[in-house]
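Structure assessment
Listed below, chain by chain, are the residues.
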Amino acid sequence: QPVLAVVGRPNVGKSTLVNRILGRREAVVQDVPGVTRDRVAYDAQWSGRRFTMVDTGGWEPGATGLQGAVAAQAEFAMTTADAVLLVVDATVGATATDEAVVRVLRRSKRPVLLAANKVDDQRLLADTAALWSLGLGEPHPVSGLHGRGSGDLLDAVIAALPEAPREGERAVGPRRVALVGKPNVGKSSLLNKLAGEERAVVDSVAGTTVDPVDSLVELDGELWRFVDTAGLRRKVQTASGAEYYASLRTKTAIDAAEVAIVLLDASEPLSEQDLRVVSMVVDAGRALVLAFNKWDLVDDERRHQLAKEIDRGLVRVPWAERVNVSALTGRAVRKLAPTLRTALASWDQRVPTGQLNGWLSELIAATPPPVRGGKQPKVLFATQAGIRPPTLVLFATGFLEAGYRRFIERRFRERFGFTGSPVRINVRVRE
Ligand code: GDP
C-alpha cells in the first residue's frame, strides 16, 4: 500500500484537509495517536485505490524554529513516502518557509503535489494562480472546510502514487489446499479418508487430459480444492532420484495452494525432512496447518516425547494450529476444515492503519528498540502493506535487530491473532 505524506506549515489547514479526505467516519479516529505524537497514519481510499496517508504535522523534536520543523517534516516525507502533498494557505500565498520546504522536496525524486487550501470561494481562485511560482506545477485549489476541489486533488494523488500490488482478487471457487509431507506419512490415506468419509464430491479437475491434477473434496459443507494430488491418488513407485522429485512436487503443490496441511508422522521422531517441508510453506508465505498423523499408534510415552520434539523442532511456527489425526481410523479428521478456515482467515486479515499504530506506539513507548552504535533507532509508524501473507512495513530511523523484529511480531500476534498464518515484517529505514 503506497504512502502519501502530507506536509505544510502549521495553520495552513492540513488536518482539516486530511479529515476531509478521510471522510467523516475516519475523522473520528483523529485522536488515535501515531507512533510519535506528531505523526499520524491513516488508511485512505479513492476510486478503489487504497493508500496510507501520513499527517506529518507538529514539531520535530530537536528542530529549531518554524523553518526547521517544516524542513524536518519534508525530510521525513521524502524518505518514507511514495508521494508528497504540500499544503499551502492560498489566502497567505507562498511564504519563505514554503519555499524552503520546496527546496528540500525538490531534492527527492518523489512526486510532489501542491494543494492550495482555504479556497473557500470563487474569488480566491486568482490567489491560487500565484502559487505556480513555487515551481511544483499546477496548484490544486481546495477547501478543507467545505470539501471543494478535494475530488480533483485525490485524482491527482492517485495518479502520482505507484500502483499497489493487486490483492483481494483471489480466483473464485474453492480455496486451494496442499497436502504435503515426507513419503509414507499417510498423505494418500488421508486424502482418501477425507474424500470417502465426508462422502461428497470426489472429483478430479483436469490439468492435462492424461493426468488429472487436483481433487475437489467436500469438507464440513464446503468444497475445497486439494492441489496437485495426482501422485497421491495413484501411487507412483519410488525410484532413484525420487526424493528430489518428491521435493519438487511438494514445492509445486505449496506454490499452487493458499494453505498447506503439513502431515507429520506422530509415531516417529520429527525429522529434518519434516522441518524442511514446514519451512517451504513459511517461505512461500502460505497459511499452515500441522497435522500429526498415525495418532492411533501414539501411546503416553510417545506423546510426551513428541511434545519435546515439537518444542525443540517447530520453533519457527508457534502460531500454527496442530491437529492430531489418524487417516486409518478417521480420528479428528473432521477438525481439519475448521482449522483450515482459521488459517485462511488469518492469511486474509488486515489490521487498519490507525489501530495498528495505536497499538504500536504504546508498545514502542514501553519497549523501545535497542540502541545500536550509540544511536536510538525510532519507529515512526507502520502500515499493513498487504495480505496473503499479511505483511507489515515498519518505517524506522535506524536498523532494527532481528530479535526486536521478532519481539514486535510476537506482540503483534498476541494483540491481533493471525493464528495459522505467517506474518512478514519489513523495515524501511530512512538513510
Ligand atoms: P504417503 O506416501 O504420504 O501418501 O503415505 P500413504 O498414505 O501411502 O501411507 C503410508 C503407510 O502408512 C501406509 O502403509 C498406510 O496404511 C499407513 N498409514 C497412513 N495413515 C495411517 C494412520 O493414521 N495410522 C496408521 N497406523 N497407519 C497409517
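Residues numbered from 1 in each chain as written. Predicted model: local features only at pLDDT ≥ 70, side-chain atom pairs only at ≥ 80, totals over all residues.

Applied cut-off: UniProt positions are given in the numbering used here, feature names are shortened, and annotations may be inferred rather than shown by experiment.
Within an unreviewed UniProt entry, the label attached to the chain reads GTPase Der, and the organism entered is Amycolatopsis arida. You can read under Sequence similarities (unreviewed entry) in the UniProt record for the chain the words "Belongs to the TRAFAC class TrmE-Era-EngA-EngB-Septin-like GTPase superfamily. EngA (Der) GTPase family." Under the heading Function (unreviewed entry), UniProt records this for the chain: "GTPase that plays an essential role in the late steps of ribosome biogenesis."

**With respect to the overall build of the chain**
Rule in force here: A run of H or I in DSSP becomes a helix once it reaches four residues, and a run of E becomes a strand once it reaches two; helices and strands are each numbered from the N terminus. Neighbour density around each residue's C-beta defines its exposure: 20 or more other C-beta atoms within 10 Å make it buried, 12 or fewer make it exposed, and counts between make it partly exposed, where C-beta atoms are placed from the backbone. Contacts are defined on C-beta atoms placed from the backbone: any two residues whose C-beta positions lie within 7 Å are in contact.
Scanning the chain for helices and strands turns up 14 helices and 16 strands. Relative to its 431 residues, the chain shows a buried fraction of 42%. Considering only residue pairs separated by 6 or more positions, the chain has 73% of its internal contacts joining residues 24 or more positions apart.

**Describing unusual backbone geometry**
Excluding glycine, a negative phi dihedral is what most residues carry, and trans is how most peptide bonds are arranged. Backbone torsion omega between Arg388 and Pro389 reads 0°, so that peptide bond is classified as cis. Relative to the helices and strands, Pro389 is located in the loop between strand S14 (379-386) and strand S15 (391-396). Within the chain, Asp220 stands out as a residue other than glycine whose phi angle is a positive 50°. Relative to the helices and strands, Asp220 resides in the loop between strand S9 (214-219) and strand S10 (222-226).

**Section: the site of the ligand**
The criterion, for reference: Should the C-beta atom of a residue, placed from the backbone, lie within 6 Å of a molecule or strand, that residue is near it. Put simply, Ala, Val, Leu, Ile, Met, Phe, Trp, Tyr, Cys and Pro go in the nonpolar bin, Asp, Glu, Lys and Arg in the charged bin, and everything else, Gly too, in the polar bin.
Surrounding the ligand, one finds 16 residues, the nearest of these being Gly186, Lys187, Ser188, Ser189 and Leu328. At three residues, the largest contribution of residues to the shell around the ligand is made by helix H7 (residues 187-197). Taken together, the residues that form the shell around the ligand break down as six nonpolar, seven polar and three charged.

**A closer look at the pairing of strand S11 (residues 259-265)**
Rule in force here: Only strands joined by at least two bridges in the DSSP assignment are considered to pair. When the strands point away from the viewer and the path from the first strand over the helix to the second turns clockwise, the crossover is right-handed.
Burial analysis of S11 places six of its seven residues in the buried class, the great majority of the element. Note: strand S7 (residues 175-180) against S11, four bridges, orientation parallel. Counterpart to Leu179 in the pairing with S11 is Ile261. For the handedness criterion, the β-α-β arrangement of S11, helix H10 (residues 272-283) and strand S12 (residues 287-293) is classed as right-handed.

**Re the pairing of strand S13 (residues 321-324)**
With four bridges joining them, S12 and S13 adopt parallel strand pairing. Within the sheet, the bridge partner assigned to Val289 lies in S13 and is Glu321. Of the crossover connections in this fold, the one passing from S12 over helix H11 (residues 300-313) to the parallel S13 is right-handed.

**Quick look at the nonpolar core**
Heads up, the rule is: Nonpolar cores are built from buried Ala, Val, Leu, Ile, Met, Phe, Trp, Tyr and Cys residues. These are joined into a set through C-beta atoms within 7 Å. Marked domain ranges trace back to an automatic or database domain assignment.
One finds Leu4, Val84, Leu86, Leu114 and Ala115 to be the most contacted residues of the largest nonpolar core, which totals 66 residues. Top contributing element to this core by residue count: strand S4 (residues 83-89), with six residues. When residues are assigned to domains, this core turns out to be shared by domain 1 (3-160) and domain 3 (353-429), each giving three or more. With residues up to four places along the chain from it excluded, the contact list for Ala115 reads Leu17, Leu85, Leu86, Val87, His140, Val142 and Leu153. Of all hydrophobic cores here, the second largest spans 50 residues; its members include Ile254, Ala266, Val317 and Val323.

**Considerations on the environment of Thr250**
With respect to the helices, strands and loops of the structure, Thr250 is situated in helix H9 (residues 242-256). On the basis of neighbour counts, which here come to 21 C-beta atoms within 10 Å, the residue Thr250 falls in the buried class. With 85 residues separating them in the primary sequence, Thr250 and Lys335 have C-alpha atoms 23 Å apart. Ignoring any residue separated from it by four or fewer positions in sequence, one finds Thr250 in contact with Val180, Val277 and Met280.

**Looking at the sheet that holds strand S16 (residues 424-429)**
Filter applied, for reference: Between N-to-C directions, angles cover 0 to 180 degrees, with each direction set by a line fitted to C-alpha atoms, over the stretch in contact for helices.
Across the sheet, three strands lie side by side as S14-S15-S16; this open sheet has mixed pairing. Each end of this open sheet is capped by a strand with a single partner; those strands are S14 and S16. Taking the axes of each pair of neighbouring strands and ignoring which way they run, one obtains an average angle of 25° across the sheet.

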